[in-house]
Amino acid sequence: MEKAGNQLIKIDSEKHFPIYKRYPISLKRGEGVFVWDVDGKKYIDALAGIAVNSLGHCHPDIIGAIESQSHKLMHVSNLYYTEPQAKLAEKITNLSNMDRVLFCNSGAEAVEGAVKLARKYAAKKGKRGKILSLQGCFHGRTLGTIAMGKQKYQEGFEPMPDGFAQIPFNDITMLEDVLTSEPVIALILEPIQGEEGVRPLDEEFLLKAREICFEKDILLIFDEIQTGIGRTGKFFSYQHWGFEPDIVTSAKGLGGGFPIAALLAKEFVANAFDYGDHGTTFGGNPLACNVALAVLNYISAQGFMDEVADKGDFFMQDIRESDSSNSILEVRGRGLMVGVVLEGKAKEVANKMMEKGVLVNAPSDTVVRMLPPLIIEREELKKISRVLNESIDEITKNGQ
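Residues numbered from 1 in each chain as written. Predicted model: local features only at pLDDT ≥ 70, side-chain atom pairs only at ≥ 80, totals over all residues. Heavy atoms only, no water.

A.B. asks: An account of the overall build of the chain is requested, with residue identities and associated values reported.
C.D. replies: Counting secondary structure elements, the chain contains 13 helices and 17 strands. Taking 2.2 N^0.38 as the reference for a compact globule, 400 residues should give roughly 21 Å; the C-alpha atoms of the chain span a radius of gyration of 21 Å, in line with that estimate. With respect to the three principal axes, the spread of C-alpha positions in the chain is 65 × 55 × 45 Å. Put simply, the chain has 400 residues, and 51% of those count as buried. Nonlocal contacts in the chain, meaning residues at least 24 apart in sequence, comprise 72% of its contacts between residues at least 6 apart. As presented, the chain carries roughly 18600 Å² of accessible surface, and 51% of it is formed by carbon and sulfur atoms. (Helix = DSSP H or I, 4+ residues; strand = E, 2+ residues; numbered from the N terminus. Rg over C-alpha atoms; globule rule 2.2 N^0.38 Å. Buried < 20%, exposed > 50% of the residue type's maximum accessible area, 1.4 Å probe, protein only. Contact = heavy atoms within 4.5 Å. Areas by Shrake-Rupley, 256 points an atom, 1.4 Å probe, with all protein chains shown as cover.)

Written out as structure tokens, the structure is:
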């Protein structure tokens, strides 16, 4: 008899747009850090929906928030005030030390909002110029966000919107040259580039970016869509360095699996928007906001994010110590955002780990990326580390 998973894969191949390179399993349910496929196999989910399921699967606080709010009010549009949105706005601005927030539905939508806000701020000051991004970045898949990103995502979708430029990753000299000599209205960056293989920016680069942007009245935008909501051991990763950007984008872990995103800004920037300059129908609906509020209440509890940082240190050290074949070139990241750099065959390693019951992914052929739920325990991290190194050894020995 044909497996249920194969039947679903067949339907998908016939009916869905062929735009995803999916792993050949069909997931049915989840609990905590585990998921099960339709054929009953159990996996540790060390990817968490790509940094989305911050509290794991079917967390009781999230289920409770969905259930309670779904019996009251799910959607009314932004023509009215609602309690969940107001409470979430207060909570997230307090945790981030930002002044204003606009809720939306996805990370790309938040970044598009940041671009509009930056351009409106510049226009009100009589300025024109480009928005600068870093090579290797990923800010979404809308036309505006791919215009800031890699060439491979732009191919076939030309002409690209103009007004964007790039500089090399971590290049302080180029950063200084461009920001001080060319018309630039904003700099957008990911403190750790997730899709480029968990690649962190140097502290020196970040501090210099903040310094020059402040001096030149260039807006500094932090894309914290993957790094935020406790993922690195701080609510937002910029809090590791003791300074604040002017605009922040957030999504993924904010809803713990429920779609919601946020555009945050300092008051002097947020004031650039006038009534009607931006908006959304579904963004900030009561159901999504109540879920996100439950997530933030949980992760902002005393000691939780410190524990995420400690578990991340433990995990990365355990991976290094378990590397019996000396095949790992580097273990990098922060908190529970971890990239393992290999000479190659990272995609084969990810597939082998899946066979052994651990879900990860390989954003390139040299990096295995792991983004487990923030609630994961050390014993489960040790198992992921063991399976990772077993898989590396088997792929290396078999010459796959």
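A.B. asks: Could you give me a rundown of the environment of Y298, with the residues and numbers involved?
C.D. replies: By the secondary structure assignment, Y298 is in helix α10 (residues 286–299). Relative accessible area serves as the criterion here: at 28%, Y298 is assigned to the partly exposed category. As a C-alpha pair, Y298 and I376 span 78 residues in sequence and 14 Å in three-dimensional space. Among residues more than four places away in sequence, those in contact with Y298 are L55, H59, D61, F304 and I375.

A.B. asks: Before we move on, could you go through the state of the cysteines and cite the residues and values that matter?
C.D. replies: Summed over all chains, the structure comprises zero disulfides. With no disulfide of its own, C104 has C289 as its nearest cysteine by sulfur position, at a separation of 11 Å. (Disulfide = S-S within 2.5 Å.)

A.B. asks: Talk me through the packing of aromatic side chains; I want residue IDs and the actual numbers.
C.D. replies: Here a ring pair, both rings aromatic, is described through the centre-centre distance and the interplanar angle of the planes. On inspection of all chains with the given rule, the structure shows eight aromatic pairs. With a centroid separation of 6.1 Å and 80° between ring planes, the pair formed by F222 and Y238 is classed as edge-to-face. Placement of F222 in strand β10 (residues 219–223) and of Y238 in the loop between β10 and β11 (247–250) is noted, with a sequence separation of 16 residues between them. One exposure class covers both F222 and Y238, and it is buried. One aromatic cluster is present, built from ring pairs that chain together F222, F235, F236, Y238 and F243. The positively charged end of R378 is found above the aromatic ring belonging to F314, 5.7 Å away from the centroid. (Phe/Tyr/Trp six-rings, centres within 6.5 Å; stacked < 30°, edge-to-face > 60°. Lys NZ or Arg CZ within 6 Å of the ring centre and 35° of its normal.)

A.B. asks: Describe the side chain of D318, naming the residues involved and giving the relevant values.
C.D. replies: The residue D318 is located in helix α11 (residues 304–321) in this model. If we skip the residues at most four places from it in the chain, D318 touches K382 and S385.

A.B. asks: A description of the layout of surface pockets should follow, citing residues and the corresponding values.
C.D. replies: What the second largest pocket holds in volume is close to 1200 Å³. Elements represented by at least two residues in the lining of the second largest pocket include exactly α4 (83–96), β4 (100–104) and β12 (261–265). It is α4 that contributes the most residues to the lining of the second largest pocket, five residues altogether. Its residues assigned to classes, the lining of the second largest pocket shows 15 nonpolar, 11 polar and five charged. (1 Å grid on protein atoms, 1.4 Å probe; cavity = no way out; pocket = protein on both sides within 12 Å on 5 of 7 lines; lining within 4 Å. Points joined across faces, edges and corners; volume = space filled by probe spheres on them. Nonpolar A, V, L, I, M, F, W, Y, C, P; charged D, E, K, R; others polar.)

A.B. asks: Tell me what's going on with the nonpolar core, and back it up with residues and numbers.
C.D. replies: Counting 79 residues, the largest nonpolar core has L187 and I384 as its most contacted members. In terms of residue count, the dominant contributor to this core is α10 (nine residues). Listed in part, the 27 residues of the second largest apolar core include A114, A122, A186 and I188. (Core = buried A, V, L, I, M, F, W, Y, C linked by side-chain atoms within 4.5 Å.)

A.B. asks: Just give me the short version of the packing of helix α7 (residues 172–181) against helix α8 (residues 203–216), but keep the residues and values in it.
C.D. replies: Contact geometry of α7 with α8 gives a least axis separation of 10 Å together with a crossing angle of 10°. On the basis of the axis angle, α7 is roughly parallel to α8. Counting all contacts with α7, which are made through I172, L175, E176, L179 and T180, the residues of α8 involved are E204, F205, K208, A209, I212, C213 and K216. Residue composition of the contact of α7 with α8, grouped by class: seven nonpolar, one polar and four charged. (Axes fitted to C-alpha atoms, helices over the stretch in contact; angles between N-to-C directions. Parallel < 35°, antiparallel > 145°, perpendicular 65-115°, else oblique.)

A.B. asks: An account of the sheet that holds strand β1 (residues 27–31) is needed here, citing residue identities and associated values.
C.D. replies: With mixed pairing, four strands are arranged side by side in an open sheet as β1-β2-β3-β15. Each having just a single partner strand, β1 and β15 (358–359) make up the two edges of the open sheet. As paired strands, β1 and strand β2 (residues 34–37) are joined by four bridges and run antiparallel to one another. Note on β2: the bridge partner recorded for E31 is F34. Lying over the sheet, helix α13 (residues 378–398) contacts β2, β3 (42–45) and β15, oriented at roughly 100° with respect to β3. (Pairing = 2+ DSSP bridges.)

A.B. asks: Describe a nonpolar patch on the surface, and please don't skip the residues or the numbers.
C.D. replies: Judged by side-chain polarity, F17, I19 and Y20 come together as a nonpolar surface patch covering roughly 410 Å² of accessible area. Relative to the elements of secondary structure, Y20 occurs in the loop between α1 (4–15) and β1. On the basis of relative accessibility, which here comes to 53%, the residue Y20 falls in the exposed class. (Patch = residues over 30% accessible without salt bridge, like charges linked within 9 Å, V, L, I, M, F, W, Y side chains within 5 Å. Salt bridge = Lys/Arg side-chain N within 4 Å of Asp/Glu carboxyl O.)

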